[in-house]
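Chains, contacts and geometry: an overview
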Amino acid sequence: MISAELAGGDCLNAGCVPSKALLRCAKLIREAKKVAMKDNEYGISFKLKSTTPSTLTNEDENRYIKKHVNDKYIDLPPTITTQEEVEIDFNFTQIMSRMRNLRSKIAPVDGYTRGNTIGTQTFQGYGIFTSKSTIEVVQYGKSLGDVSNPILNFKKAVIATGGRPNVPTDIKGLKDAPYTTNLNLFNLQILPKRMVVLGAGIVALEMAQAFSTFGSEVTVLQRSRLLSKSDEDAANVIKENLEEDGVQFLSNVNVKEVQTIRQGDGKDLPLMNLSLTCKEHKNKPINLECECLLLALGRSANVQGMGLETVNVKYHPTNGILVNDYSQSISNENVYAVGDCVANVPRLTHMSGEMAKVVVQNSLFNGRWKLSSFVVPAVMYTEPEYAQVNKPISLDENGQVIPTPSLQDDEELDIYKAELKSNDRAILESTDQNGYVKIYTKKSTGSIVKATIISSRAGEMINELSLAIKHGITLEGIGRNIHAYPTLGEAVMGCGLQYINSRWETM
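Rules of the game
- Residues numbered from 1 in each chain as written.
- Predicted model: local features only at pLDDT ≥ 70, side-chain atom pairs only at ≥ 80, totals over all residues.
- Heavy atoms only, no water.
- Phe/Tyr/Trp six-rings, centres within 6.5 Å; stacked < 30°, edge-to-face > 60°.
- Helix = DSSP H or I, 4+ residues; strand = E, 2+ residues; numbered from the N terminus.
- Lys NZ or Arg CZ within 6 Å of the ring centre and 35° of its normal.
- Core = buried A, V, L, I, M, F, W, Y, C linked by side-chain atoms within 4.5 Å.
- Buried < 20%, exposed > 50% of the residue type's maximum accessible area, 1.4 Å probe, protein only.
- Expected span 1.5 Å × (residues − 1).
- Pairing = 2+ DSSP bridges.
- Axes fitted to C-alpha atoms, helices over the stretch in contact; angles between N-to-C directions.
- Parallel < 35°, antiparallel > 145°, perpendicular 65-115°, else oblique.
- Left-handed = near helix turned anticlockwise from the far one by under 90°.
- Contact = heavy atoms within 4.5 Å.

What follows is about the packing of aromatic side chains. With the rule as written, the count across this model stands at seven aromatic pairs. Judged by centre distance (6.0 Å) and plane angle (70°), the rings of Phe92 and Phe214 are edge-to-face. Of the two residues, Phe92 sits in helix α4 (residues 92-106) while Phe214 sits in helix α7 (residues 202-214), which places them 122 residues apart along the sequence. Members of the aromatic cluster, joined through ring pairs, are Phe90, Phe92, Phe211 and Phe214. The ring centre of Tyr326 lies 3.8 Å from the NZ or CZ of Arg368, which sits over that ring. The cationic tip of Lys450 hangs over the ring face of Tyr440; the distance from NZ or CZ to the ring centre is 4.8 Å.

What follows deals with the nonpolar core. Counting 42 residues, the largest nonpolar core has Leu22, Leu185, Val197, Leu205, Phe211, Phe214 and Val218 as the members making the most contacts within it. For this core, the secondary structure elements donating two or more residues are α2 (16-36), α4, β10 (194-198), α7, β11 (217-221), α8 (232-244) and β16 (292-295). Met306, Val313, Val345 and Met351 belong to the second-largest nonpolar core, a separate cluster that totals 29 residues.

Once that is clear, we can look at α2. For α2, with 21 residues, the first-to-last C-alpha span of 30 Å sits near the 30 Å given by 1.5 Å per residue. Most of α2 is tucked away: 15 of the 21 residues are buried.

Strand pairing in a sheet relies on backbone hydrogen bonds, with the paired strands running either antiparallel or parallel. Ordered in space as β13-β14-β15, the three strands form an open sheet in which the pairing is antiparallel. Each edge of the open sheet carries a strand with a single partner, namely β13 (254-262) and β15 (286-290). Neighbouring strand axes in the sheet, compared pairwise and without regard to direction, differ in orientation by 20° on average. By the bridge criterion, five bridges tie strand β14 (residues 271-277) to β15 in an arrangement that is antiparallel. Paired with Leu274 across the bridge in β15 is Leu288.

Before going further, it helps to examine the packing of α2 against α4. Viewed as axis vectors pointing N to C, α2 and α4 meet at an angle of 135°, and their least axial separation amounts to 9 Å. In terms of axis orientation, α2 runs oblique to α4. Note on packing geometry: the crossing formed by α2 with α4 is right-handed. Contacts from Val17, Pro18, Ala21, Leu22, Arg24 and Cys25 in α2 reach Ile95, Met96, Arg98, Met99, Leu102, Arg103 and Ile106 in α4.

Our focus in this paragraph is helix α14 (residues 490-501). Over its twelve residues, α14 runs 16 Å from end to end, which matches the ideal 16 Å to within 8%, given 1.5 Å per residue. Counting buried residues along α14, nine of its twelve residues qualify, which places the element largely inside the surrounding structure. Along α14, the residues classified as buried are Glu490, Ala491, Val492, Met493, Gly494, Cys495, Gly496, Tyr499 and Ile500. Contact partners of the buried residues in α14: β25 (413-419), β26 (436-442), β27 (448-455), α12 (458-471) and α13 (475-479).

Here it is, written out as structure tokens:
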């Protein structure tokens, strides 16, 4: 293995793992706010423990109502009526420290030391193809052709170079601005007072909700609608929930310029001013200042500078390496590719993992495992979660992986929808009142094509539908499968029952 970066890649170091640690803390803060409200529905309140009433100052006596003196407890202020009035004290530095500690617990599984123990030899540096059967490892501080660089011979090679955040080139001043991407977001030690998020996809919305909950003033700048490639109903629900958590949205945004007021150092965050137009301000110029400008505009494949031309591997400069159904280069059967560097596949950690299995089986054991057999769920871990699943891999007449064409839902599919507002578990937990399960089937059949779920446990619920699509279980089969009560997963069964009921014959 040749590696130029930290073991574990983006997922471990700057993606799934650290982001979910922050989301857990944000959720805990939201839950704490709920129970800090006066006369909240849960019947739970915070109390300040005191050994004796005499320890209260005059100010304390004005702020608190003394009760249960014999029990040595004093009630917190009873005047809070909305979550907006609740201020939860927390330590942002400790939140970030917790994230790093948890990340370090997961890291050994992906570490080079473990790889060495199971027979993987790791070379640190950049791998560059120098012929159809050799790769030169360009070590740090060295250049291509240095006599000290290792030269590796190969019969089969796998490219797994991942991707990088997209940075627009059409915004004046952005190139030299101290902007943030997922690569350095999790290095923050100071909570930014104001965060502007450029983008409206999964990373953008997850971090917008988290940092708004932490106390940042967060503004999301949408060039197109939220979750532009996903269910529009879901986008509206997610936006409504994030707005309740304080996130502000500006739509049809055109950022003209980013002016750097302060670069920032270890003690102070940077300061930037964005000049832009948007729909909400009738396309008149406005300015936004922020201490953190998070770019979350998707990713480009890392395919440049590794000698792909030398080894005759065809690729798109941003979309990635062109592969066939076996994850082989379409132009060199001895070279395979997996993950975010591959064109026209979902850029998800679990997708990369499954592609790795395909490559191992096909390259080393003469397997014929196919990418087109994949059914890939995807989850956004906002609150509520948003999950979807379909068959994402399509092939052209030559067997090359191509973008999957979208189906016209209202014309080509039947739609079954079960809302969670009538789900007993959602009612009992006072959650998910605007959530739902939506399942799409082929017209006039129960054959499931795709599904969308908005729910606090959507990421767990979607797996049942992934299994159904992969193994041809019909929506009727889902409806006839017993689901535990009370669970949010009963809404999946509810869609199945709708399908069954729609086919009842009148007596």
